[in-house]
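Coordinate analysis (summary)
Next come the chains, spelled out residue by residue.
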Amino acid sequence: MRDAGRKYQARPLQNTCIKMQQPKTMAKTRATNNSNKMWQMFLLALLLLQLLSGHIEPVDGHKVTARLITNHRYPVEEHTVHTSDDYILTIYRIPASPKRQHLNETMQKKPVVFLQHGIVCSSDDWIINGPDTSLAYMFADAGYDVWLGNARGNTYSRQHKHIHPDQSDFWKFSWHEIGVYDLAAMLDYALAESNSSSLHFVAHSQGTTTYFVLMSSLPWYNEKVRSVHLLAPIAYMRSHGFILSKLGSVLLGSPSFLSWVIGNMEMLPITSIQKFMCEHVCSEGSMLKFLCSGLLDFIGGWGTRHLNHTLLTDVCETHPAGASTTQIIHYMQLYNSGDFRQYDHGREQNEIIYQQATPPSYNVRNIMSCVNMYYSDNDYMSAVEDVEYLATLLPCADLYRIPYKDWNHYDFLWSVNVKEVINNRIIDKMHSYDIEHNMGITF
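Residues numbered from 1 in each chain as written. Predicted model: local features only at pLDDT ≥ 70, side-chain atom pairs only at ≥ 80, totals over all residues. Heavy atoms only, no water.

Moving on, we come to the pairing of strand 11 (residues 371-375). Burial analysis of strand 11 places five of its five residues in the buried class, which makes it a mostly covered element. Of the two faces of strand 11, both are covered, the one formed by Val371, Met373 and Tyr375 as well as the one formed by Asn372 and Tyr374. Judged from the four bridges that link them, strand 8 (residues 225-231) and strand 11 form a sheet pairing that is parallel. Bridge pairing links His229 to Asn372 in strand 11. In the classification by handedness, the crossover that spans strand 11, the intervening helix 15 (residues 384-393) and the parallel strand 12 (residues 396-401) is right-handed. (Buried < 20%, exposed > 50% of the residue type's maximum accessible area, 1.4 Å probe, protein only. Helix = DSSP H or I, 4+ residues; strand = E, 2+ residues; numbered from the N terminus. Pairing = 2+ DSSP bridges. Right-handed = clockwise from strand over helix to strand, strands pointing away.)

In structure tokens, the structure reads:
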């Protein structure tokens, strides 16, 4: 397979990215032809789930990640992290691998790796593909001390020291707060518990956004990371291809009465009815199983041949894992403005909060680590042009463009060949980094 990696070094800000023009694929054409009917179906499903979530207690998912890991005979630890703004997060640790007993005994101090999920997702993302293919298990097998994060508002982190999740104030956050509060607290906690000064970082989708936010806003955190691997990175959204983003930005892309009404609400938590429906709609023998895979294709990129369809029941039962509507609105604002910047509260509130009329942009040139970014042509959430433009602004970026035209947003996690295409490459780069920097580790 041809290596598609490319490296970008620092360059003046006035330089622009040389965009790689690609012919539209048949997959994208099919998506356009079917978009009207599909987005109407999706909006209906979204509305139904939102209505249900307001009347049905979310399912307690705090033990799901631990149970799945234990079922595969890996050790697992559950940890509680408190943020500086009083949210209470549940994160997980896989400290060793049953396949590497000799390594567990001889290595007194293992290198640390932290994995952060995307929007309406959770720590389950990194394990449901099974022990032979999921990145979390592969890291443990390779000798890493593995940590799985969970952002505020998802199934595992619906707690606050003073505010109940039934109150709208609990949901008054976007991915900005997840970056500067949650991610910062989780990284600090993992490093302290592991007695390490730095760690490797891996993220998918919104998890990459929170990384950009943290390292831009609190640049001293750059010293706490070794290698960085971002799957389907999202910062700038100028060429974003998701049809609902185009539609939603018209209504929610700028501060308005509608965005004020819809903001700060819980969105799509896991419910008991959802689990019941998943067992019957997305199960192996279901005649309606195509709806599950079709929904993932519609959101992440149409026409993929790589998705592991045997995982659909597991994906359905653990996703969506809940979030705040303000996270979606913030993304709509990025699409509308063409900038990567903080939340727009409207001119009057901006003057109070930021001391300026418009939200400040994130200074991505504060990101000192060489960022490995993995992206693809058929990803509706992370456009090729946006990733390559971002690379021109970063001091150092190593790009790997997936050599499959139909690879979509969820293939980075759940494709049948993700081990060969993505995971092995990440592990090799992490090993090389540790050896090159004399970390004193023998693999």
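Time to look at the side chain of Asn350. Relative to the helices and strands, Asn350 is located in helix 14 (residues 347-353). Within polar-contact distance, the side chain of Asn350 engages the backbone oxygen of Ala357 at 2.9 Å. Leave out the neighbours within four places in its chain, and Asn350 touches Tyr343, Asp344, His345, Gln355, Gln356, Ala357, Thr358 and Pro359. (Polar contact = N/O pair within 3.5 Å; in protein donor to acceptor, adjacent residues only side chain to side chain. Contact = heavy atoms within 4.5 Å.)

The next point concerns the state of the cysteines. This model, assessed by the stated rule, comprises one disulfide. Each sulfur of the disulfide joining Cys370 and Cys396 lies 2.1 Å from the other. Every disulfide takes its handedness from the sign of the S-S torsion; for Cys370 and Cys396 that torsion is -50°, giving left-handed. Separated by 26 residues along the polypeptide, Cys370 in the loop between helix 14 and strand 11 and Cys396 in strand 12 bring together distant segments of the chain. Owing to a relative accessible area of 27%, Cys370 belongs among the partly exposed residues under this scheme. (Disulfide = S-S within 2.5 Å.)

What describes a pair of aromatic rings is the distance from one ring centre to the other and the angle between the planes of the rings. Taken as a whole and judged by the stated rule, the model has 24 aromatic pairs. When the centroid spacing of 6.1 Å and the interplanar angle of 65° are considered together, the rings of Tyr374 and Tyr400 count as edge-to-face. Taken together, the residues span a long stretch of sequence, with Tyr374 in strand 11 and Tyr400 in strand 12 at a distance of 26 residues. By the burial criterion, Tyr374 is buried, and Tyr400 matches it. A centroid spacing of 5.6 Å and a plane angle of 5° characterise the contact between Tyr410 and Trp414, whose relative ring orientation is stacked. On the accessibility criterion, Trp414 (1% relative accessible area) is buried. Through a chain of ring-to-ring contacts, the aromatic side chains of Phe114, Trp175, Phe201, Tyr211, Phe212, Tyr236, Tyr331, Phe340, Tyr362 and Tyr389 assemble into a single cluster. (Phe/Tyr/Trp six-rings, centres within 6.5 Å; stacked < 30°, edge-to-face > 60°.)

With that settled, the discussion passes to helix 3 (residues 64-71). Buried within helix 3 we find Val64, Thr65, Ala66 and Ile69. Elements in contact with the buried residues of helix 3: strand 3 (87-94), helix 5 (135-141), strand 5 (145-148) and helix 12 (312-318). Arg73 occupies a position one or two residues after helix 3 and carries a positive phi of about 70°.

A few words on the confidence of the model for the protein. Taken as a whole, the protein shows an average pLDDT of 84; of its residues, 78% reach a score of 70 or greater. Counting contacts from residues 7-57, a segment whose pLDDT is below 50, to residues more than four positions away or on other chains yields 73 contacts. (pLDDT = per-residue confidence, 0-100.)

Let us now look at the nonpolar core. Residues Phe114, Phe201, Tyr211, Phe212, Leu230, Phe340 and Met373 are the most contacted members of the largest nonpolar core, which totals 71 residues. A total of 10 residues in this core trace back to one element, the largest contributor, which is helix 6 (residues 175-194). (Core = buried A, V, L, I, M, F, W, Y, C linked by side-chain atoms within 4.5 Å.)

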